[in-house]
Amino acid sequence: MRPLLMKGHERPLTFLRFNRDGDLLFSCAKDHHPTVWYADNGERIGTYNGHNGAVWCCDVTRDSSTLVTGSADATVKLWDVASGRCLYTFDMKVPVKSTEFSVGENLLLITTDPFMGAPSQIHVKRRAKNVEDQEDDTLLTIKGPQGRINRAVWGPLNKTIISAGEDGVVRMWDAETGELLEQREAHEKAISSLALSPDGSHFITASADKSAKLFDTRSLEVLKTYQAEARVNAAAISPLLDHVVLGGGQEAQNVTTTSSRAGKFEAKFFHKIFEEELGGVKGHFGPINALAFCPDGRGFASGGEDGYVRMHHFDPQYFTMKA
Amino acid sequence: MAAKVRWGDSIDFDDEESDQEIEAVDDKSLPPIQVLGPDEKGIKTIIEYSFNDAGQKVKVVKKVRNKREKRSKKVLERRNWAKFGDAKGLGSEQEHRTMVSTEEIWIERRGLQAEKEAAEKKAADPLGQLAQQGNTSLMVCRVCGKKGDHWSAQCPYKDLAANSGDFGAKAPEDGERPGSSSGKPGTYVPPSRREGASAREGSEMGGGRGGRGRDDNSIRVTNLSEDTREEDLQELFRPFGPISRIYVAFDRETKQSRGFAFINFVTREDAQQAIRKLDGYGYDNLILRVEWATPREAKG
């Protein structure tokens, strides 16, 4: 395959997300401009200008009308996807690491970093149907553990919130009361990302302990472990085949001190069930920070420390590839 | 074709029209664009003519396949969005933000390849074991002509044979070929006619089974599904016996399987067995048809 190289960001990529139809790709980077691209030809549609810090995370509504971004400039912004206009700004006072719409998009999940002695926090905010009615009040605040929460997602039917962070522990919280329901000390090192399967029944975590793990969403039981050769920064679950893809590589600060081959900046495909490595896709000049599968499973995008987004459309051979 | 055509010339020749047509039309005018098809595979052929920098007429044949994709209305609507933010006012051409990778990237299957090689070795082993049982003529040393003991490469007399052709002379006495007489010294004898080659030829002829060539052990498999690959056929037919060749027919243009394949077995008995067992066998929801491949003489 010949991937599309999308050079829109001047700083390392942090997050990638497709809309539900799979025709738009949203990319976030440490530069301040989240960007939207056409996924099939890689054409840049526009940038969402307004943040003053690294943008860590984004989410888009099911109808692809509204985008939410969370940034280290301590704000969460709602955007009109088509025009790039900022609709609303939540002032969180502390840097934001992750944000996500709930199922039904009436609620918004925001995690904030530990800052000035305060612990990391998970916030739930109400999203108004009309942007004019949008209010800033918080429905629920969960005082998190020490250490940063790198990613939090909604559990089934918005009843739970699942968070993963620097302490390597996956936690499940009650989304109504904020009570800690379950926790699993799964990884030895920090968990850098967490991605749900398309049906939400299981999720995958990527960790600096050079492994990725598959969890059951309801019980937090560890179902599978995928062993990589270098730290894993991102992971995604294929919606089409029983594959998962892991991305990572050695830490960016060490890149210049070792040979390029030691980097292992590959997107590695594993069989989801057999935990076998299927193959690797090379290309990035630095560690992979973000991964996302097309919603139809016929391609995937990877974002690297090198500032490039690489959009891969699979060859026919991929679909007949045998384990 | 009286003059010799150098390779460089021949390439030019391919690109240009034939001489005949150049005479027929005026030098300045170009024939109209011809569009042929689309044929049953949906391939349209477009023939265009143009002048190149050297003033020569160039014929360009393009083959195009149209693909229809379903898109939702919303997606089509989003196609027409105006650019905004940093991309405002810039078309895709002016932007130079996106390029297609110049290098082809494959999913490298490193861990798996090693496994595959190991599996191939395993598959090769029973072949050797079979030969060691002595009931086949599969393992015949080309150097000393000994059967079922070692392959030619491992022959203990290999070095000696290179110095003198003597060990060739000890080969089994089936060398009735004309060139086998080591008549005039200094004349060139092709390797296949040399004395030492007799043993090899014997093995290639399937152990001289009634003088049948290996084409005769070839079977044709039709009504295969489009995504059947060589490996699948290997898996399906290997249990019947050693296979010397598998050929799956692919369409040159569409790169799709044409639904038939040829399989050559080492022995005729195995091929017969495969036909008996697999003709009418259900594979990938299709009923296979397995039969002897028609010999080449019958075609012409």
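Keep in mind it's a predicted model, so treat the numbers as computed, not measured. (Residues numbered from 1 in each chain as written. Chains lettered and ligands numbered in written order. Predicted model: local features only at pLDDT ≥ 70, side-chain atom pairs only at ≥ 80, totals over all residues. Heavy atoms only, no water.)

A. Spotlight on the overall build of chain B. Counting secondary structure elements, chain B contains eleven helices and ten strands. By the burial criterion, 26% of the 300 residues in chain B qualify as buried. In chain B, the proportion of contacts linking residues at least 24 apart, taken out of those at least 6 apart, comes to 44%. Carbon and sulfur atoms provide 49% of the accessible area of chain B, an area that totals close to 21,600 Å². (Helix = DSSP H or I, 4+ residues; strand = E, 2+ residues; numbered from the N terminus. Buried < 20%, exposed > 50% of the residue type's maximum accessible area, 1.4 Å probe, protein only. Contact = heavy atoms within 4.5 Å. Areas by Shrake-Rupley, 256 points an atom, 1.4 Å probe, with all protein chains shown as cover.)

B. Up close: the overall build of chain A. When you go through chain A residue by residue, the secondary structure sums to one helix and 28 strands. Here chain A holds 323 residues, and 62% of them are scored as buried. Accessible surface for chain A amounts to roughly 12,400 Å². Of this, 47% is attributable to carbon and sulfur atoms.

C. Inspection of the packing of aromatic side chains at higher detail. All names here are of chain A. With the rule as written, the count across this model stands at 17 aromatic pairs over all chains. Judged by centre distance (6.3 Å) and plane angle (80 degrees), the ring pair of F269 and F293 falls under edge-to-face. Pair noted here: F269 is in strand β24 (residues 267-271) and F293 is in strand β26 (residues 288-293), with a separation of 24 residues, a long-range link. The same class applies to F269 and to F293, which are both buried. Both rings, one in F314 and one in Y318, keep their centres 3.7 Å apart while their planes meet at 10 degrees; by these two values the pair is stacked. Just as F314 is buried, Y318 falls in that class too. An aromatic cluster of at least three residues, connected via ring pairs, comprises F269, F293, F300, F314, Y318 and F319. A cation over a ring is seen here: K7 above Y308, with NZ or CZ 5.3 Å from the ring centre. (Phe/Tyr/Trp six-rings, centres within 6.5 Å; stacked < 30°, edge-to-face > 60°. Lys NZ or Arg CZ within 6 Å of the ring centre and 35° of its normal.)

D. Layout of the pattern of salt bridges. Residues and elements named next belong to chain A. One pass over the full model with this rule turns up 20 salt bridges over all chains. The partner of D136 in a salt bridge is K125, with the nearest N and O atoms 3.8 Å apart. Taken together, the residues span a long stretch of sequence, with D136 in the loop between β12 (121-126) and β13 (138-143) and K125 in strand β12 at a distance of eleven residues. What makes D136 partly exposed here is its relative accessible area of 35%. Here K268 makes a salt bridge to E266, at a shortest N to O gap of 2.9 Å. Side by side, K268 and E266 carry an identical accessibility label, which is buried. Residues joined in a network through salt bridges with shared partners are E229, E266, K268 and E277. (Salt bridge = Lys/Arg side-chain N within 4 Å of Asp/Glu carboxyl O.)

E. Structural view of the environment of M6(A). One can find M6(A) in strand β1 (residues 4-6). Along the primary structure M6(A) and V309(A) are separated by 303 residues, whereas in three dimensions their C-alpha atoms are 5.0 Å apart. Discounting chain neighbours no more than four positions away, the residues touching M6(A) are L25(A), W37(A), G42(A), G307(A), Y308(A), V309(A), M311(A), R97(B) and T98(B).

F. A look at the interface of chain B and chain A. At the interface, 32 residues of chain B touch 52 residues of chain A. Both faces considered, chain B and chain A share a buried interface measuring about 3,700 Å² in area, 46% of it formed by carbon and sulfur atoms. Inspection of the chain B/chain A interface yields seven salt bridges. Inspection of the chain B/chain A interface yields 24 residue pairs in polar contact (both at pLDDT 80 or more). Counting only elements with at least two residues in the side of chain B that touches chain A, the list comes to α3 (73-79), α4 (92-95), β4 (98-100) and α5 (110-132) of chain B. (Buried area = accessible area lost by both parts, 1.4 Å probe. Polar contact = N/O pair within 3.5 Å; in protein donor to acceptor, adjacent residues only side chain to side chain.)

G. Highlighting the nonpolar core. Ranked by size, the top nonpolar core spans 20 residues in total, and within it I219(B), L233(B), F237(B), I263(B), F265(B) and V290(B) carry the most contacts. Those elements giving two or more residues to this core turn out to be β5 (218-222), α9 (230-237), β6 (243-250), β7 (257-265) and α10 (268-278) of chain B. Ignoring sequence-local partners within four residues, the contact set of I219(B) consists of F237(B), A261(B), F262(B), I263(B), F265(B), A271(B), A274(B), I275(B), V290(B), E291(B), W292(B) and A293(B). Counting residues in hydrophobic clusters, the runner-up holds 19 residues, among them C28(A), I45(A), L67(A) and V81(A). (Core = buried A, V, L, I, M, F, W, Y, C linked by side-chain atoms within 4.5 Å.)

H. Quick look at the side chain of T45(B). All names here are of chain B. Positionally, T45 belongs in strand β2 (residues 43-51). Overall, the relative accessible area of 16% leaves T45 in the buried class. Residues in contact with T45, not counting those within four places in the same chain, are Q34, V35, L36, V61, K62 and K63.

I. Local environment of α10(B). All names here are of chain B. Within α10, the full set of buried residues consists of D270, A271, A274, I275 and L278. Buried residues of α10 fall within an arc of 140 degrees about the axis and therefore sit on the same side. Across α10 from its buried face, at more than 90 degrees, point the exposed residues R276 and K277. (Arc of directions from axis to C-beta.)

J. Structural context of the sheet that holds strand β1 (residues 34-36) of chain B. Residue and element names in this part refer to chain B. Across the sheet, which stays open at both edges, the three strands sit in the order β1-β2-β3 with antiparallel pairing between neighbours. Of all the strands in the sheet, the pair left with one neighbour each is β1 and β3 (57-65). Direction aside, neighbouring strands of the sheet carry axes that sit 20 degrees apart on average. Bridging between β1 and β2 involves three bridges; their strand directions are antiparallel. (Pairing = 2+ DSSP bridges. Axes fitted to C-alpha atoms, helices over the stretch in contact; angles between N-to-C directions.)

K. Focus on the UniProt feature "repeat: WD" (unreviewed entry) in chain A. What UniProt calls "repeat: WD" (unreviewed entry) maps, in this numbering, to residues 6-47, 48-89, 142-183, 184-225 and 281-311 of chain A. Along residues 281-311 of chain A one finds 0% helix and 52% strand; the C-alpha atoms at either end are 12 Å apart. (UniProt positions renumbered as here; feature names shortened; annotations may be inferred.)

L. Region of the structure containing α9(B). All names here are of chain B. All buried positions along α9 are accounted for by D232, L233, L236 and F237. Angularly, the buried residues of α9 cover 115 degrees about the axis, an arc narrow enough to put them on a single face. The inward-facing, buried residues of α9 abut β5, β6, β7, α10, β8 (282-283) and β10 (289-292).

M. How the structure looks around the pairing of β7(B). Residue and element names in this part refer to chain B. A large share of β7 lies buried, amounting to seven of its nine residues. Sheet topology note: the β5/β7 ladder contains five bridges and is antiparallel. Its bridge partner lying in β7, V221 is registered against A261. Sheet topology note: the β6/β7 ladder contains six bridges and is antiparallel. In the strand pairing of β7, I243 is matched with F265.

N. The arrangement of the sheet that holds β7(B) in detail. Residues and elements named next belong to chain B. Across the sheet, which stays open at both edges, the four strands sit in the order β6-β7-β5-β10 with antiparallel pairing between neighbours. Here the strands that pair on one side only, and so sit at the sheet edges, are β6 and β10. Each strand axis lies, on average, 20 degrees off the axis of its neighbour in the sheet, ignoring direction. Running at roughly 140 degrees to β6, α9 makes contact with β5, β6, β7 and β10 of the sheet. Packing of α10 onto the sheet brings it into contact with β5, β7 and β10, and relative to β10 it is tilted by some 150 degrees.

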